[in-house]
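# Coordinates in review
Below are the chains, spelled out letter by letter.
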Amino acid sequence: MIVPTRVLFEHAYGKYALGAYNINNLEQAMGLFRGNMDSQAPFIIQISKGARGYTDKRMLEAIIRTADTIWPDALFAVHLDHGDEETCYECIESGFYSSVMIDGSHLPYEENIATTARVVEAAHKRGVSVEAELGILGGVEEHIKVDEKDARLTDPDEAKDFVERTGCDSLACAIGTSHGAYKFSGSQGIHLERIAEIQKRLPGFPLVMHGSSSVPQDEVERINAAGGAIKNASGVDPSKYLPAARLGVCKVNIDTDGRLVWCRVHREFFRDNPAKFDLRDPGKIFMSEYAKFIASRNELLGSAGQLAAAREHVMASAK
Ligand code: G3H
Ligand code: 13P
Ligand code: ZN
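Model, not experiment: these values are computed from the prediction. (Residues numbered from 1 in each chain as written. Chains lettered and ligands numbered in written order. Predicted model: local features only at pLDDT ≥ 70, side-chain atom pairs only at ≥ 80, totals over all residues. Heavy atoms only, no water.)

## Concerning helix H7 (residues 156-166)
Taken together, the buried positions of H7 are occupied by Pro 156, Ala 159, Phe 162, Val 163 and Thr 166. Buried residues of H7 fall within an arc of 115° about the axis and therefore sit on the same side. At its buried positions, H7 is contacted by helix H6 (109-125), strand E5 (129-134), strand E8 (170-173) and helix H8 (192-201). The opening residue of H7 is Asp 155, an N-cap whose side-chain oxygen sits 2.9 Å from the backbone nitrogen of Asp 157. Gly 167 sits one or two residues past H7 and shows a positive phi near 75°. (Buried < 20%, exposed > 50% of the residue type's maximum accessible area, 1.4 Å probe, protein only. Helix = DSSP H or I, 4+ residues; strand = E, 2+ residues; numbered from the N terminus. Arc of directions from axis to C-beta. Contact = heavy atoms within 4.5 Å. Polar contact = N/O pair within 3.5 Å; in protein donor to acceptor, adjacent residues only side chain to side chain.)

Here is the structure:
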């Protein structure tokens, strides 16, 4: 069942974080639903602008609607990841999205506030929640690459001012993580003390952690042993997910790790089966491996086993 992001956050706040997983195709959707059902977790499906354009946005929406009928017990929100203003309006109007992210983090502060406030006004009229971003993460997203020297942690006082003036429903904070498989190249690390400072200024307000893939070293080694060339990759320590959740982080964004699983499965498959060419053979392995990966993340996020309680909360809030 597709539910409001806000209601999932209410249930998770301070206890656990929802895994927010990006999908682009059918196989990822299948693995995602299986993994969440296996681990009995509520979750968030993220669709980026790039994912909407990869085939046709209607294709992804149809896959998600169909998955919802195959797994009627699944409880999830659908979220636009890193939207620009125009894409936010499109998603709000479509009626399909539970929430949108307006990413104004690259804009000057006042412009980020004005843009976010416009999106919030349009979204709230349609019952859609808005995630905004303040501070600058390092790494790569869509076509934008941010060097570590240009990354900037979220200022806690600014965060309070920003939330009050925009009326946004959750805030993506830059706390030392970055997008992609090459995090923490310099002396960087995840700054839990910064989240704690932000939570002090915004008690009870849902925070979001982007760039949260853990980039498992065994995945990287297996990819490289099967012909890959991923050097000096590193990710977030996943044992930090729960401490972050206790500080108000309700949503943890994971995309890169899923791509690594895909890459490992396909490289190993074609290395070990050079005469095979049926896409369904590695596809089946991927769906099963991705489901296992999702379930393992949900254990670390604390969302595993929360499905029944989250459903009760959703039902009670609908009365
Ligand atoms: O933060 C970006 C997400 O990992 C989505 O990536 O824009 O390449 O789909 P994408
Ligand atoms: P990763 O690149 O660490 O998976 O982060 C994904 C993300 O933040 C999507 O918005
Ligand atoms: Zn992100």
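## Overview of the coordination of the zinc ion (ligand 3)
In the first shell of the zinc ion (ligand 3), the protein supplies His 82 (NE2), His 179 (NE2) and His 210 (ND1), at 2.1 Å from the metal. All donors to the zinc ion (ligand 3) come from one chain, and their sequence spacing reads H-x96-H-x30-H. Of this pair, His 82 sits in strand E3 (residues 76-83) while His 210 is found in the loop between strand E9 (207-209) and helix H9 (217-225), placing the two residues 128 residues apart along the sequence. Of the two residues, His 82 and His 210, neither departs from the other in class, the shared state being buried. (Donors = N, O, S within 2.8 Å, 3.2 Å for Na, K, Ca; no water.)

## Looking at the site of ligand 2
What surrounds ligand 2 is a group of 15 residues, the closest being Asp 81, Lys 183, Ser 213, Asp 255 and Thr 256. Here an oxygen atom of ligand 2 and a side-chain polar atom of Thr 256 are 2.6 Å apart. Protein coverage of the free-state accessible area of ligand 2, which is 310 Å², stands at 96%. Elements that contribute at least two residues to the shell around ligand 2 include exactly E3 and strand E10 (249-254). A breakdown of the residues in the shell around ligand 2 according to their chemical character gives one nonpolar, eleven polar and three charged. (Near = heavy atom within 4 Å. Areas by Shrake-Rupley, 256 points an atom, 1.4 Å probe, with all protein chains shown as cover. Nonpolar A, V, L, I, M, F, W, Y, C, P; charged D, E, K, R; others polar.)

## Here we look at the side chain of Glu 133
Note on placement: Glu 133 falls in strand E5. The buried charged residue Glu 133 lacks any salt bridge partner; its closest oppositely charged side chain belongs to Lys 251, at an N-O distance of 8.9 Å. A distance of 3.4 Å separates polar atoms of two side chains, one belonging to Glu 133 and the other to Ser 105. Glu 133 has contacts with His 82, Met 101, Ile 102, Asp 103, Gly 104, Ser 105, Asn 112, Phe 162, Leu 171, Ala 172 and His 210, leaving out every residue within four places of it along the chain. (Lys, Arg positive; Asp, Glu negative; His and termini not counted. Salt bridge = Lys/Arg side-chain N within 4 Å of Asp/Glu carboxyl O.)

## Concerning the nonpolar core
Ile 45, Val 100 and Leu 171 are the most contacted members of the largest nonpolar core, which has 82 residues in total. Each residue touching Ile 45, except ones within four places of it in the same chain, is listed here: Tyr 21, Ile 23, Leu 32, Phe 33, Ile 64, Phe 76, Ala 77, Val 78 and His 79. (Core = buried A, V, L, I, M, F, W, Y, C linked by side-chain atoms within 4.5 Å.)

## A look at the state of the cysteines
Under the defined criterion, the tally for this structure stands at zero disulfides. For the unlinked cysteine Cys 173, the closest cysteine sulfur is that of Cys 168, found at 9.4 Å. Looking at Cys 250, it has no disulfide partner, and the nearest cysteine sulfur is the one in Cys 173, 11 Å off. In this structure Cys 250 comes out as buried when scored by relative accessible area, which is 0%. (Disulfide = S-S within 2.5 Å.)

## Re the sheet that holds E10
Picture the strands of a sheet paired through backbone hydrogen bonds; they go either parallel or antiparallel. What the eight strands build is a closed barrel, ordered E1-E2-E3-E4-E5-E8-E9-E10; its pairing is parallel. Averaged over all pairs of adjacent strands, the angle between strand axes in this sheet comes to 25°, irrespective of strand direction. Where strand E1 (residues 18-22) and E10 come together, four bridges link them in parallel fashion. Counted as the bridge partner of Tyr 21 is Ile 254 from E10. Lying on the sheet, H6 is in contact with strand E4 (99-102) and E5; it crosses E5 at an angle near 170°. (Pairing = 2+ DSSP bridges. Axes fitted to C-alpha atoms, helices over the stretch in contact; angles between N-to-C directions.)

## Things to note about the packing of H7 against H8
Axis separation between H7 and H8 bottoms out at 8 Å; the angle between their running directions is 40°. In terms of orientation, H7 lies oblique with respect to H8. Here H7 runs over H8; the crossing is right-handed. The segment H7 lies against H8, with Pro 156, Asp 157, Ala 159 and Lys 160 engaging Arg 194, Glu 197, Ile 198 and Arg 201. The class makeup of the residues in the contact of H7 with H8 is three nonpolar, no polar and five charged. (Parallel < 35°, antiparallel > 145°, perpendicular 65-115°, else oblique. Left-handed = near helix turned anticlockwise from the far one by under 90°.)

## Quick word on the pairing of strand E2 (residues 43-48)
Of all the six residues making up E2, six are buried; the element is thus mostly covered by neighbouring parts of the structure. Neither face of E2 is left uncovered, since the one carrying Phe 43, Ile 45 and Ile 47 and the one carrying Ile 44, Gln 46 and Ser 48 both have all their residues buried. Of the strand pairs in this sheet, E2 and E3 are connected by six bridges, and their pairing is parallel. Within E3, the position partnered with Ser 48 by the bridge is Asp 81.

## Quick look at the confidence of the model for the protein chain
Looking at the protein chain, the pLDDT average stands at 95 and 94% of residues meet or exceed 70. Mean pLDDT across the secondary structure elements of the protein chain bottoms out at strand E6 (residues 139-141), with 54, and peaks at E1, with 99. (pLDDT = per-residue confidence, 0-100.)

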